[in-house]
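# Structural description and commentary
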Amino acid sequence: MAIETTVKIGTDTVDLTQPCDVATALRKVQLKLTSGGMRQTVRIDGEEVTFTTPNDKRLAGLIATYDGLCAKSGATNTRTRYAKRVRFTG
């Protein structure tokens, strides 16, 4: 049995090997839930989970997981460290 690498999250089809894309799609689902959508369904690896507003914490945990994977992959655009420059004149 082969594991599929593409999944449908809400209305988006994303590649599981791209954790940043998965996190973005999950955030869209979360936004729909919090803006009045009654329920959203996510299918990953043949398993289907339906999220409703009361179990938004599970969705937030899933988003945090993929955010962590995204950060580890180095694909994030946020800088966590800034270099300071010093210039001496004289």
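Before any of the text, the structure's been laid out above.
The structure reproduced in this document is the subject of the present report.

Taken in spatial order, the four strands of this open sheet run 2-1-3-4, and their pairing is antiparallel. Each edge of the open sheet is held by one strand with a lone partner, namely strand 2 (12–15) and strand 4 (47–52). Going from strand to strand, the sheet's axes swing by 20° on average, the running direction of each strand aside. Pairing geometry for strand 3 (residues 39–44) and strand 4, over six bridges, is antiparallel.

Turning to helix 2 (residues 56–73), a few remarks are in order. Taking 1.5 Å of rise per residue, 18 residues should cover 26 Å, and helix 2 covers 26 Å from first to last C-alpha, within 8% of that figure. Listing the buried residues of helix 2 in full gives Asp 56, Leu 59, Ile 63, Tyr 66 and Cys 70. In a view along the axis of helix 2, the buried residues occupy a sector of 90°, so they form one face of it. The exposed residues of helix 2 that point more than 90 degrees off its buried face are Lys 57, Arg 58 and Lys 72. Elements in contact with the buried residues of helix 2: helix 1 (19–34), strand 3 and strand 4. Directly after helix 2, the chain includes Gly 74, whose backbone phi takes a positive value near 75°.

With that out of the way, let us pick up the packing of helix 1 against helix 2. Two elements in contact, helix 1 and helix 2, have axes whose closest approach is 8 Å; the angle formed by their N-to-C orientations is 155°. When the interaxial angle is binned, helix 1 and helix 2 end up roughly antiparallel. By crossing handedness, the relation of helix 1 to helix 2 is classed as left-handed. Of the residues in helix 2, those in contact with Pro 19, Cys 20, Val 22, Ala 23, Leu 26, Arg 27, Val 29, Gln 30, Leu 33 and Thr 34 of helix 1 are Asp 56, Leu 59, Ala 60, Leu 62, Ile 63, Tyr 66, Asp 67, Leu 69, Cys 70 and Ser 73. Of the residues assigned to the contact of helix 1 with helix 2, the class counts are 14 nonpolar, three polar and three charged.

Cut-offs used in this document
- For every chain, the first residue of the written sequence is number 1, and numbering continues from 1 onward in sequence order.
- This being a predicted model, a pLDDT of at least 70 is required before a residue's local features are given, and a value of 80 or more before pairs of side-chain atoms are given or counted; all residues contribute to the totals for chains, interfaces and linings.
- The basis for the side-chain values is all heavy atoms of the structure; hydrogens and waters are excluded.
- Paired strands, in this sense, are two strands between which DSSP finds at least two bridges.
- A run of DSSP states H or I qualifies as a helix once it reaches four residues; a run of E qualifies as a strand once it reaches two. Both are numbered from the N-terminal end.
- Every axis in this analysis is a line fitted to C-alpha atoms, fitted for helices over the stretch in contact. Angles between the N-to-C directions lie between 0 and 180 degrees.
- One less than the number of residues in a helix, times 1.5 Å, gives the span that helix is expected to have.
- Burial classes: relative accessible area under 20% of the type maximum marks a residue as buried, over 50% as exposed, and values in between as partly exposed (1.4 Å probe, protein chains only).
- To be clear, the arc concerns the directions from the helix axis to the C-beta atoms.
- Between two residues, a contact is recorded if the distance between any of their heavy atoms is within 4.5 Å.
- For classification purposes, an angle smaller than 35 degrees is called roughly parallel, one larger than 145 roughly antiparallel, one from 65 to 115 roughly perpendicular, and anything else oblique.
- Each helix crossing is assigned a hand: it is left-handed if the near helix lies turned anticlockwise from the far helix by less than a right angle, otherwise right-handed if that turn is clockwise.
- Under this grouping Gly is polar, as are all residues other than the nonpolar Ala, Val, Leu, Ile, Met, Phe, Trp, Tyr, Cys and Pro and the charged Asp, Glu, Lys and Arg.

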